[in-house]
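In case you want the letters, here they are:
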Amino acid sequence: MNTDALLELIKARAEGRARYLVAIAGAPASGKTTLAAELAAKLGPCASVLPMDGFHLENSVLQERGLLARKGAPETFDAQGFVELLARVRRTPEVRYPTFDRQADCTRPERGLVSASTRIVLVEGNYLLLRTAPWAALEGLFDLTVSLEVARDELERRLIARWLKYGLPPEAARARALDNDMKNADFVAAHARAADIVLGPLG
């Protein structure tokens, strides 16, 4: 299935629904954010993107727990808070949620909004399909699940390029990509349940 076919499928299945939640999952740098944004743009005002990133634990909390170097790993998120948010999105017309400010490297409370006019919510994140608690509780909250699969060597290339773009020197960018991000990608590959739809690399 390609992006256009996925778009038509979402339109058809969401027809007549007050709210339809789509999970867009995959490893870091697999293209989740790009796909979600593209789908939202084509679906129009009835759709919005809800990123998982707003549920990063604050750096002070990670420092206290000895997890700052692993920021981005499953245990560095408020997963239970994220599960509770999506449960509210299913039953409540208007919901505010935190977003993540990459420049400041911190969360911004209540900066995101799922409005009452939003029928299709495109939820994107690394760990939406994990079978481990508390992430596993997300399983019953999605109407459709989509996974992006990218070859491991391509993920490595993309991740190194990402950290270079953020200003890290080459060795630090490579270390950040391989010592943290790729560990998270391998964890996703080992512990995620199968998605309803699997897409190959985008871009």
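Before reading on, note that the structure itself is shown above.
Residues numbered from 1 in each chain as written. Predicted model: local features only at pLDDT ≥ 70, side-chain atom pairs only at ≥ 80, totals over all residues. Heavy atoms only, no water.

### A word on helix H6 (residues 170-191)
Note the following rule: Secondary structure follows DSSP: runs of H or I at least 4 residues long count as helices, runs of E at least 2 residues long count as strands, and numbering of each begins at the N terminus. Under the convention used throughout, the expected extent of a helix is 1.5 Å for every residue step, that is, one less than its residue count. Only protein chains enter the accessibility calculation, which uses a 1.4 Å probe. A residue is then buried if its area is under 20% of the maximum for its type, exposed if over 50%, and partly exposed in between. In what follows, a contact means two residues having at least one pair of non-hydrogen atoms within 4.5 Å.
Its 22 residues place the ends of H6 30 Å apart at the C-alpha level, agreeing with the 32 Å of an ideal helix rising 1.5 Å per residue. Of all the positions in H6, only Ala173, Ala177, Asn180, Asp181, Met182, Asn184, Ala185 and Val188 are classed as buried. Contact partners of the buried residues in H6: helix H5 (152-165).

### Comments concerning the nonpolar core
Nonpolar side chains in soluble globular proteins generally cluster together in the buried interior. Note the threshold: We define the nonpolar core as a collection of buried residues of types Ala, Val, Leu, Ile, Met, Phe, Trp, Tyr and Cys that are connected through side-chain atoms lying within 4.5 Å of one another.
Residues Leu50, Phe82, Leu128, Trp135 and Leu138 are the most contacted members of the largest nonpolar core, which totals 28 residues. Mapped onto this core, the elements with two or more residues apiece are strand S1 (20-26), helix H4 (79-91), strand S3 (95-101) and strand S5 (120-125). Top element by residues in this core is H4. It accounts for six residues. Residue contacts for tryptophan 135: discarding those within four places in its chain leaves Met52, Pro74, Phe77, Ala79, Phe82, Tyr127 and Leu130.

### Observations regarding the pairing of strand S6 (residues 144-148)
Put simply, the test is: Strand pairing is assigned whenever DSSP identifies at least 2 bridges connecting the two strands.
Among the five residues in S6, five count as buried, and that is most of the element. Of the two faces of S6, the one holding Leu144, Val146 and Leu148 and the one holding Thr145 and Ser147 are both buried throughout. Direction of pairing for S1 relative to S6: parallel, over a ladder of five bridges. When the sheet's bridge partners are listed, alanine 23 is paired in S6 with threonine 145. Bridge analysis of S6 against strand S7 (residues 197-199) gives three bridges, and the strand direction is parallel. The residue of S7 that forms the bridge with valine 146 is isoleucine 197.

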